[in-house]
Amino acid sequence: MKTFVYIDHFKGEAQPASWEALGLAKSLGAATALVFGSNVDEVVKAAFEYGADEVLLAEDSALLDYRAETYASTLSALASSLSPDLILFPTTTRTREFAAMAAVDLNSNVITDATAVEVNGESILVTRPIYEAKLFEKVTASGKPQLITLRGRAFPKPEQQEGKTGTITKVDAKTDALTSVEGYNVAEVGVSLNDAGIIVSGGRGVSNNPSLQPPAGLDDKQAEIWKAQQGFKLVGELASVLGGAVGASRAAVDAGYIPYSNQVGQTGKVVAPDLYIAAGISGAIQHLAGIRSAKMVVAINKDADAPIFKVARYGVVGDLFVIVPALTEAFKKKLGK
Ligand SMILES: Cc1cc2nc3c(=O)[nH]c(=O)nc-3n(C[C@H](O)[C@H](O)[C@H](O)COP(=O)(O)OP(=O)(O)OC[C@H]3O[C@@H](n4cnc5c(N)ncnc54)[C@H](O)[C@@H]3O)c2cc1C
């Protein structure tokens, strides 16, 4: 099976799920990594160290910033001339977009968010979540090349082999595009939710601490946001001690407590950490849709009947403003921080 793996990166920092895709490709035979961008030497180096036998490198200043048009045309031109059987991607916002565009160019199809891929001769069987991950379906992929995006943390990450190298083949970049990037703000900082092994999330409950006195001069909405920010500070401290990422419910992001990039759930990020701590989150079905692959859920909520306790392995009925800092202190001691 001739497999290409697209290495997704932002400004030269690769998404770790790309290495999981390389690991899968290696288990199927030889793995060719695709690296697009400019100043991407480190990405190329890491691709070899995580198992790529060859790197096809499209390096051009026009590819410095991701744009669906240039990336999709570069990929489809490559795939048309080299005819891979399979192209794997980590599932990210970028790859969801440009894999679909490339599939249209290639008159093929794309299966997103796969959690398992089995290859039997010519046939490729893909498992993916449906109905907000309540069910998993198996689909037989047809079409060549088959494009599949893989859910982060669903496949094992290979060991990094320091110093391993391979063949770099330079390929043409397709640089015609109708749009240009003039600038952007990077909203996500710290540990990325997609790759986090531990996530501590806050919900509407983070604004509910009647004993906090907001600074004078704030209106009701501003005072609520200020209170929530104190709550998220505690959530962030716990996440930081555990080396994890900060998540949030939609109610929290809609209320302006924290940016949308932190939202977990059906219309936010689907995450698969080993540990998910939900503080002041009720456990609405749309939130649970984003955490079904979490290995362990711990819930902290004042309301013993909150639905989040139904999916939690451990639950604490209590005030998050007491419990979260107590957990932070306990983990600090335990981890010697
Ligand atoms: C189409 C659609 C898509 C959606 N997508 C998403 C999504 O992607 N992600 C998402 O999260 N939601 C999503 N929602 C919204 C979802 O239905 C809920 O409204 C939302 O998840 C509720 O957020 P919450 O749990 O923070 O707030 P609430 O439901 O208000 O819960 C707050 C919780 O905090 C507890 N609490 C209050 N004070 C404290 C305290 N001091 N200590 C401890 N606990 C406390 C309360 O007991 C309560 O359980 C979507 C809704 C729709 C219709």
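Calculation rules
- Residues numbered from 1 in each chain as written.
- Predicted model: local features only at pLDDT ≥ 70, side-chain atom pairs only at ≥ 80, totals over all residues.
- Heavy atoms only, no water.
- Core = buried A, V, L, I, M, F, W, Y, C linked by side-chain atoms within 4.5 Å.
- Buried < 20%, exposed > 50% of the residue type's maximum accessible area, 1.4 Å probe, protein only.
- Contact = heavy atoms within 4.5 Å.
- Salt bridge = Lys/Arg side-chain N within 4 Å of Asp/Glu carboxyl O.
- Helix = DSSP H or I, 4+ residues; strand = E, 2+ residues; numbered from the N terminus.
- Expected span 1.5 Å × (residues − 1).
- Polar contact = N/O pair within 3.5 Å; in protein donor to acceptor, adjacent residues only side chain to side chain.

Chemist: Describe the nonpolar core, listing the residues and the values that go with them.
Modeler: Counting residues in hydrophobic clusters, the biggest one holds 32 residues, and the most contacted among them are I7, L22, V55, L88, I148 and L150. Apart from residues lying up to four places away in sequence, L22 is in contact with V5, I7, A31, A33, A47, Y50, G51 and A52. Membership of the second largest hydrophobic core comes to 25 residues, among which are L238, L242, V253 and Y257.

Chemist: With reference to specific residues and values, describe the pattern of salt bridges.
Modeler: Pairing of side chains with opposite charge becomes possible as their charged atoms draw close. Taken as a whole and assessed by the stated rule, the structure comprises 13 salt bridges. For D85, the salt bridge identified is with K144, shortest N-O distance 3.3 Å. Taken as a pair, D85 in the loop between α3 (68-82) and β6 (86-90) and K144 in the loop between β10 (135-141) and β11 (146-150) lie far apart in primary sequence, 59 residues in all. Judged by its relative accessible area of 22%, D85 falls in the partly exposed class. Taking the relative accessible area as the measure of exposure, K144 reaches 52% and is therefore exposed.

Chemist: Report on helix α9 (residues 320-335), specifying residues and quantitative values.
Modeler: When the terminal C-alpha atoms of α9 are compared, their 21 Å separation across 16 residues agrees well with the 22 Å that a helix rising 1.5 Å per residue should span. Inspection of α9 places L320, F321, I323, V324 and T328 among the buried residues, and these make up the whole buried set. Turning to α9, the residues buried within the fold contact α5 (220-241), β15 (275-279), β16 (296-301) and β17 (314-317). Its side-chain oxygen 2.9 Å from the backbone nitrogen of F321, D319 forms the N-cap of α9. Downstream of α9 by one or two residues, G336 has phi in the positive range, about 65°.

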